[in-house]
Structure formats: structure tokens, C-alpha cells
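Breakdown of the fold
Single-letter residue listing:
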Amino acid sequence: MSFDYQVIVEYLPFLLGGLVVTFKLAGLALAGGISLGMLVGLGRISDKNWIYYPVSAYVNFLRNIPLIIIIFWVYFILPIIVGRNLNPFTSAVIAFIIFEATYFGEIFRAGYQSISKDMVGSAYATGLTYWQVARYVTIPIAFRRMLPSLITQSIITFQDTSLAFVIGLHEFVTRGNIVNNLEYRSIEIYSFVAVVFLVLCYVGSRISLHFETKYRRANVL
Amino acid sequence: MSEVMIEIDNLSKWFGDFKALSNINETVRKGQTIVLCGPSGSGKSTLLRCINGLEPFQEGDVIVDGTSLTARKTNLNTLRQKIGMVFQRFELYPHMTALENITLAPRKVRNLPRKEADEKAKQLLERVGIPEKAHNYPASLSGGQQQRVAIARALAMEPKAMLFDEPTSALDPEMIKEVLEVMINLAKEGMTMVCVTHEMGFAREVADEIIFMDEGKIVERGSYEEFFNNPQSDRARDFLEHIL
């Protein structure tokens, strides 16, 4: 049996179209997940019980359920609750945001906790309010300190988007599968999909390493 | 006697079962410099943090410039604008330049336009002797320079009083002097100051009163001469032998 690259070339526009969907899904999932994660992290260190307990319950609940189940839930159950159908893309975005926010939230929590009590105190001492301290001091510092972890989790999120396959979203892996069903060239197609993921994620991890060394060398944080 | 700036009224604080401060009474008048000293764990820093409400307390009250910390209608954020605070480890925001560190609160709390805030920050940097460091990040400043930026940051809100929590104890000896000079000038210009410090040269030069604390209580208080030449308690005598 020989490797037939022709199938990749022939279906390249179709496959890359799926990659665009993957990028869109990952982009929205990350923007939403990181933003929500910043707040979740704040909730996880809140000294107000009515914030701490619900947020912790949310985090512990979602982190102990496989992502694929969350994707199914949002796709099949949320429409019943909100009373209208969701297309696969929208429900995948929602599922990823609420799921990834718990992981990003825990990264931010660790980042916030690495900031000394006096650092936060020095900000409050100048008269800044809770939200001003969060916005100008704790979130930016935590973000920089946790950048390597945030990038790692972003790479995981990027890979996880392929799970949207289960609700029929036409992302990269789904389209690879469609091509395979037409052409029966599973080795070529799935190898191609794997290599694309490998290259993209490897580049991502190099970027992470770059920031890590840069911050460490500059001793900024 | 000048007007009262800070009134600490029978303040007690517990950390769980541990009584960290017990029945503290103290009056700081406008323009006075008070030096708090005592062994570590005696409650000095905790008392300082209670004065601007960074640390909650269970009993008693603190009244700053006529405003009670415990009154229901008191807004702590507003009250804290009146009291600057300087910490042992400087605590500059690492992701901001010296200038940005100083202008953050004036811009966000006072809504001062950037230009005006920058102008004022530069004057403050001039005042603490490092105008050329405006655009440096904290990581590229020495400890003494960082602490002077921290003092400028606190002064930028034009506070009526300043709290210093061991401002020189994390500094190398040659940098202590440059920070103390700034503090001495402040005191001489009439700033009301409460300083936790073991720098007795500083105390001799500007302290109106020295308070000696041990185990959460004020054990002794008096002028520099009274405290040094004639300490009343054994604890104070022990302490003086250790630091001199």
C-alpha cells in the first residue's frame, strides 16, 4: 500500500475550511474562557461565602465531568431550557467557554494567590476600589505570571475543539472524517490532520517557552 | 496642642483565638511623628494595618481625621485616600514604570488627566531624589530607589497622614540612609507619620513619641530621651540591649 498525497491536495480547500472553523471555535472559546476564568479565579479566593461557594461548586462540578458530556448537554439540553435550537457552532462555543473557564479560573486563582498580601494592600492603601485593584493590579500581574500555564491550557483547548465532532460541527477533524468516508484514505488523511495539529501546537509551546524565559531573564515578575 | 489626626480608641484584635492587639489607646496629633517599636510579633504592623482598615478588628475604633472606621456610613476606599502607606518590601506594581506606579491612583481614583498626573508624579520623583527613574520598571531599580518610588506613590494622593511599616528593614545598609532622609524631610515638613521602625537615629531626630509594644500591648511610651535613657520595663530594657 502506498501513500497517496493526491487526496490531500484535492481536498485541501475543504479541509482548510474546516481548520478555519476550528480556529474560530478555539478563538471564541479562549477569549470567553479566559475572560470568564479571570472572574472565576476571583470568586475562588473571595472571602464572601455567597460568592465562594457557588463558584467553587461550579468549578468542581464541571471539572469532574468529561468535556464531551458538556458538549452533549449544551447541544441537547440547553435548547430545551432556552426554548430555541442552537446550531452546533454556537453550542460548541458555549460548552467550551463554560468548561475551559473552570481550568483558566484555577490558573488565575493560583496567580492571584501568588501575589503578596502587602502588594494588594499597597493598592488598597491608595484608595483604589476592589474592581480597580483587580483590573489594574491583580489580574495583570496574575496574567503575566501565569502566562506559560495559560498558553499550555490554550493549546489543550485548541486540541479539544476536535471534540465538537460529536455534534456534527464541520471543524477540521470532522471534515477529515468526511473526506475519509468518500475516499477511504484514512492513513493519509488522519496523518495530515495530526501533522497540522502537531505543527500548530508545537509553535504554540515554543511561544510559551519564549515568554517564560523572557520574563524570567528580565526578572519582571 | 494641634488637632487630632488619628485616634485609636481601645482597639482589640484577634486572629482566631490569639489576641494580637489588646486595648490599644493612642492619639496622634497633626504634624506628629510617632515611632512604633518592639520585638517581632508584638503587633506593631498589625496595629498599623488596622489604622487604614487593611486589617479588620473586633473591638474599639479608629478615628482618622474625624471619620470613624467602624461607622456604617464610612467608605473605607475614600478614607484610605487620606492615609498613605509604605511597606517593608516596597510592593511596587512590577508591570508598571515608576511613573505609572505613582499615577495609577490619582488617575483612577481622583480622575486626574494623565498629563496633570504625570506632571505631579515627576515633581514627587524630584522630591524623593530620583527624577531620572520615571520610566524605569521596579525590577531595574535598587531597593532604596524602589522604596522612594513607593513613598512618592503614597504621597501622590496628598494624604493627611503616612504609615510606614518597617520601610528600611529590607534594605542594604547603604540604601537605608537615602530612604530615611526622605522620611526625615517629610516629618520636618509637617507630615503626620506613624512609623514602625527600629532606626533609632531616625527616632531621635524626628519622633515626638516612641511607643514600645510587646505581646499586643503598649508597654511603654515617651520621648526618645525618656525611652532610651530610662526605660521602665524589663522588656523594653531587653529590647534596647538587642537593637543597640
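One structure accompanies this document, and this report is about it. Just so you know, these numbers come straight off a predicted model, no measurement behind them.

**Considering the overall build of chain B**
From N to C terminus, chain B includes nine helices and ten strands. In terms of C-alpha radius of gyration, chain B reaches 18 Å, essentially the compact-globule figure of 18 Å for 244 residues. In terms of principal-axis extent, the alpha carbons of chain B reach across some 55 × 45 × 40 Å. Among the 244 residues that make up chain B, the fraction classed as buried is 57%. When contacts within chain B are restricted to residue pairs at least 6 apart in sequence, long-range pairs at least 24 apart make up 65% of them. Of the charged side chains in chain B, 30 are positive and 36 negative, and the gap between their average positions amounts to 7 Å.

**Brief notes about the sheet that holds strand β2 (residues 18-29) of chain B**
Residue and element names in this part refer to chain B. Pairing is antiparallel in the open sheet, where four strands are placed in the order β2-β1-β4-β5. A strand with exactly one partner marks an edge of an open sheet, and here the two such strands are β2 and β5 (67-68). Sheet topology note: the strand β1 (residues 4-15)/strand β4 (residues 59-64) ladder contains five bridges and is antiparallel. The residue of β4 that forms the bridge with Ile8 is Val62. Sheet strands in contact with helix α1 (residues 44-51) are β1, β2 and β4, and its direction is about 120° off that of β1.

**Comments concerning the environment of Asn229(B)**
Note on placement: Asn229(B) falls in helix α8 (residues 224-229). The spacing of Asn229(B) and Ala150(B) is 79 residues in sequence and 34 Å in space, taken between C-alpha atoms.

**Focus on the interface of chain A and chain B**
On the chain B side, the residues contacting the 23 residues of chain A number 23 residues. For Asp118(A), the salt bridge is made with Arg49(B), and the minimal N-O distance between the two is 2.5 Å. Taken together, the connections running from chain A to chain B amount to eight residue pairs in polar contact (both at pLDDT 80 or more). Going through the elements one at a time, α6 (117-125) and α7 (130-145) of chain A are the ones with two or more residues in the side of chain A that touches chain B. Of the residues assigned to the side of chain A that touches chain B, the class counts are twelve nonpolar, eight polar and three charged.

About the thresholds
Residues numbered from 1 in each chain as written. Chains lettered and ligands numbered in written order. Predicted model: local features only at pLDDT ≥ 70, side-chain atom pairs only at ≥ 80, totals over all residues. Heavy atoms only, no water. Helix = DSSP H or I, 4+ residues; strand = E, 2+ residues; numbered from the N terminus. Rg over C-alpha atoms; globule rule 2.2 N^0.38 Å. Buried < 20%, exposed > 50% of the residue type's maximum accessible area, 1.4 Å probe, protein only. Contact = heavy atoms within 4.5 Å. Lys, Arg positive; Asp, Glu negative; His and termini not counted. Charge placed at Lys NZ, Arg CZ, Asp CG, Glu CD. Pairing = 2+ DSSP bridges. Axes fitted to C-alpha atoms, helices over the stretch in contact; angles between N-to-C directions. Salt bridge = Lys/Arg side-chain N within 4 Å of Asp/Glu carboxyl O. Polar contact = N/O pair within 3.5 Å; in protein donor to acceptor, adjacent residues only side chain to side chain. Nonpolar A, V, L, I, M, F, W, Y, C, P; charged D, E, K, R; others polar.

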